[in-house]
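Geometric and topological summary
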Amino acid sequence: MEAEDFCLEYVDAHGKPHRGPLEVTWSARFEDGMPVRGLSSFKGQRNFTGWYWAATGAVHVGFESWVERDHLMRLDFDPQVSAMVSQPFRLSWRVEGRRRRVEHTPDYFVRRTDGSGLVIDVRPDERIEPEDVAKFAATAVACARVGWDFQRCGVMGPVLMANLRWLSGYRHPRVMRESVADRLRAAFAVERGLLEGAQVVGDPVAVLPVLYHLLWRQELAVELETTLLSAASSVRPGRTVREVVTSDGVPSAAAVGW
């Protein structure tokens, strides 16, 4: 495939479609646009579709399966992600010997805080067909040509998935109580057990939601990949708060940097 073979179609924030060579269209702000196609829903459908409210940018992002939803949580939790959009664009290219162009719509486009781009396809290993392999490979080639990273993601590890699902329930800023958060930061200035530190601050019923919010924001840190969260989980100081510029250009301190 030559560079001029790749064509990209996307829909901007005003609903206007655009189409052109990849090397011309790649610089568009896909994260500010609209999905290039809608989510399908029909009787007897085996996969679950829906919308995930992302604390990153305070926007709804579509998903077409529980596996996609779990990866949205992972992206929302990632402090190096500043924006994401589902069904961001449609790629097409020519393959030698075929008259029709091959098309593929990646699942997500991610904008990182450093301005770089990441394209993600979500597909469990056991559901990948030879045609999918070819499309993922071509998409990776297209991404490399314009400096984007490409990932094909499968099912997440069960421990990380369970922990992120739990913490995501406390991702909304309405959970935050700054006076409680200040006391939690002081209590966990040294590493200690999750429930022990919460009890130092006050009634766990009132304190734990704020603690989980700080863990989601990574102002406080805990091991998530190997052990399920529990009262005995060891909590330590996290990273410093960074500003994230939202799609309307307004700085927000809703995430935590490295």
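What follows concerns the packing of helix α6 (residues 194–201) against helix α7 (residues 204–217). Relative orientation of the contacting elements α6 and α7 amounts to 120°, with a least axis distance of 9 Å. Of the possible angle classes, the one that applies to α6 and α7 is oblique. When the axes of α6 and α7 are compared, the crossing they make is right-handed. For the pair α6 and α7, contact is made by L194, L195, A198, Q199 and V201 and by P204, V207, L208, L211, Y212 and L215, respectively. In the contact of α6 with α7, the residues fall into 10 nonpolar, one polar and no charged.

What follows covers the packing of aromatic side chains. Under the defined criterion, the tally for this structure stands at 13 aromatic pairs. Seen in terms of ring centroids, F6 and W93 are 6.0 Å apart; in terms of plane orientation they differ by 55°. Their pairing is tilted. Of the two residues, F6 sits in the segment before β1 (7–11) while W93 sits in strand β6 (residues 90–93), which places them 87 residues apart along the sequence. Pair check on accessibility: F6 and W93 agree, each one buried. Residues F30 and W148 carry aromatic rings whose centres are separated by 5.8 Å and whose planes lie at 80° to one another, so their mutual orientation is edge-to-face. Here W148 lies in the loop between α3 (130–146) and β10 (149–153) and F30 lies in the loop between α1 (22–25) and β3 (50–54), a separation of 118 residues in the sequence. Judged by relative accessible area, which is 2%, F30 ranks as buried. One aromatic cluster in this structure is built from Y10, F30, F89, F109 and W148.

Right, let's talk about the environment of R236 for a bit. Relative to the assigned elements, R236 resides in strand β13 (residues 234–237). When the C-alpha atoms of R236 and A221 are compared, they prove to be 5.3 Å apart, with 15 residues separating the residues in sequence.

Definitions and cut-offs
- Residues numbered from 1 in each chain as written.
- Predicted model: local features only at pLDDT ≥ 70, side-chain atom pairs only at ≥ 80, totals over all residues.
- Heavy atoms only, no water.
- Axes fitted to C-alpha atoms, helices over the stretch in contact; angles between N-to-C directions.
- Helix = DSSP H or I, 4+ residues; strand = E, 2+ residues; numbered from the N terminus.
- Parallel < 35°, antiparallel > 145°, perpendicular 65-115°, else oblique.
- Left-handed = near helix turned anticlockwise from the far one by under 90°.
- Contact = heavy atoms within 4.5 Å.
- Nonpolar A, V, L, I, M, F, W, Y, C, P; charged D, E, K, R; others polar.
- Phe/Tyr/Trp six-rings, centres within 6.5 Å; stacked < 30°, edge-to-face > 60°.
- Buried < 20%, exposed > 50% of the residue type's maximum accessible area, 1.4 Å probe, protein only.

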